[in-house]
Amino acid sequence: GKGGVYKVSLTVDDESKTTCSSQIVEKNIFINEPPLAEAGPPEVLKCINTDEDMTVNFDASQSTDINNDSLTYTWDFGDGEQGNGAQVTHPYSKLGNYDVKLFVKDEHNLGCGSSLDFVTVRINKAPKADAGEDIVVCPNEEVSFDGSNSFTNKKGTTTATWFFGDGSSAEGFKVSHQYAQAGKYQAHIDIEDNLNKMCPSSRDTKEVVVNSVPPVTIKSVSSACTGNEVEFDASSANDADGDELEYYWSFGDGTILRRGSRVTHSYKQGGEYRVSVIVDDKKGTSCSTATANTTIDINTAPVADLGSNRV
């Protein structure tokens, strides 16, 4: 049941009850107990950021043998290479997962003179998050977030979490989100390696500008006369984002101008004209422009005619 040296004795007695009626024979029996291989922690994790050294240290010095035999150590590093010794180092040439075996043998050529232990080596490259370019969108617009350009050593072994900067988040490399209010948001993606906790998580940030519509109105001018300079005022336009606005005026008589918030225009003919102004915050979004309209009556002065002079 247990290894060690046991003294076995055999007594033979012929029952004559004389001084020579019995004899004792003794012999020592050596019972070998296999060594206990101890390759160290069951999992070795290593993470590199660039082309760093991929050498891994192995230590089997905690292996034991109850018989105090001298032990030999043989390592199979899982990449086709082998090594010998209680403490060894091995340089791996590629990233990946390796099943390492330790074979420990004692000095006796018996079937019970060896044992095995196993180590899993995981060598990964740290993930690098890529949140993409900064974007400008409109309130309540469906915004796509794509982190698929992020570097991961092996697909399916990393998790990605998006934080949108407005208190909400979503899992996955590709997600979508709507912002209810205008403003600037710092959205970021966090990527974590699930197989190798030695690899730190990676984060990248993109700025999301949710543009606000610049509201505009035209100060009412109900009527004017032909030939008179009429002032039109859209200075009430205000952009909540602080963007500089461009104004495009159309006076209804075929005249279109790119001017400021206040313009003057004279009409040559009487009639009713539709005046409009478009303001543009130059963000290039569907909510970057706003339009205001008004109508104006242009009166043509009557021409007095008293007829011919009479004597």
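Keep in mind that this is a model prediction, so the values were computed, not measured.

Asker: Provide a residue-level description of the pattern of salt bridges, including the pertinent values.
Answerer: Enumeration according to the criterion identifies 6 salt bridges in this entry. Between Arg122 and Glu43 there is a salt bridge; the shortest N-O distance is 2.8 Å. Of this pair, Arg122 sits in strand β9 (residues 114-125) while Glu43 sits in strand β3 (residues 43-48); the two residues are 79 residues apart in sequence, bridging distant segments of the chain. For Arg122, a relative accessible area of 19% puts it in the buried group. Relative accessible area serves as the criterion here: at 38%, Glu43 is assigned to the partly exposed category.

Asker: How would you summarise the sheet that holds strand β6 (residues 82-84) if you had to cite specific residues and measurements?
Answerer: Hydrogen bonds between backbone groups are what pair the strands of a sheet, and the pairing can be parallel or antiparallel. The mixed open sheet is built from 5 strands, whose spatial order is β3-β9-β8-β5-β6. At either margin of the open sheet sits one strand with a lone partner, and together these are β3 and β6. The sheet shows a mean angle of 20° between the axes of neighbouring strands, taken without regard to direction. Pairing between strand β8 (residues 96-105) and β9: 10 bridges, direction antiparallel. Each residue of the ladder has a partner; that of Tyr98, found in β9, is Val121.

About the cut-offs
- All chains use their own residue numbering, which begins from 1 and follows the written sequence.
- Under the rules for a predicted model, residues below a pLDDT of 70 receive no local features and side-chain atom pairs below 80 are neither given nor counted, while totals for whole chains, interfaces and linings still include all residues.
- Note: side-chain values were computed over all heavy atoms of the structure, leaving out hydrogens and water.
- Throughout this description, the term salt bridge denotes a Lys or Arg side-chain nitrogen within 4 Å of a carboxyl oxygen of Asp or Glu.
- By definition, any uninterrupted DSSP run of H or I lasting at least four residues is a helix, any uninterrupted run of E lasting at least two residues is a strand, and each is numbered from the N terminus.
- Working definition: with a 1.4 Å probe on protein chains only, accessible area under 20% of the residue-type maximum means buried, over 50% means exposed, and in between means partly exposed.
- Strand pairing is assigned whenever DSSP detects at least two bridges linking the two strands.
- The angle between two axes is taken between their N-to-C directions and runs from 0 to 180 degrees, where each axis is a line fitted to C-alpha atoms and a helix contributes only its stretch in contact.

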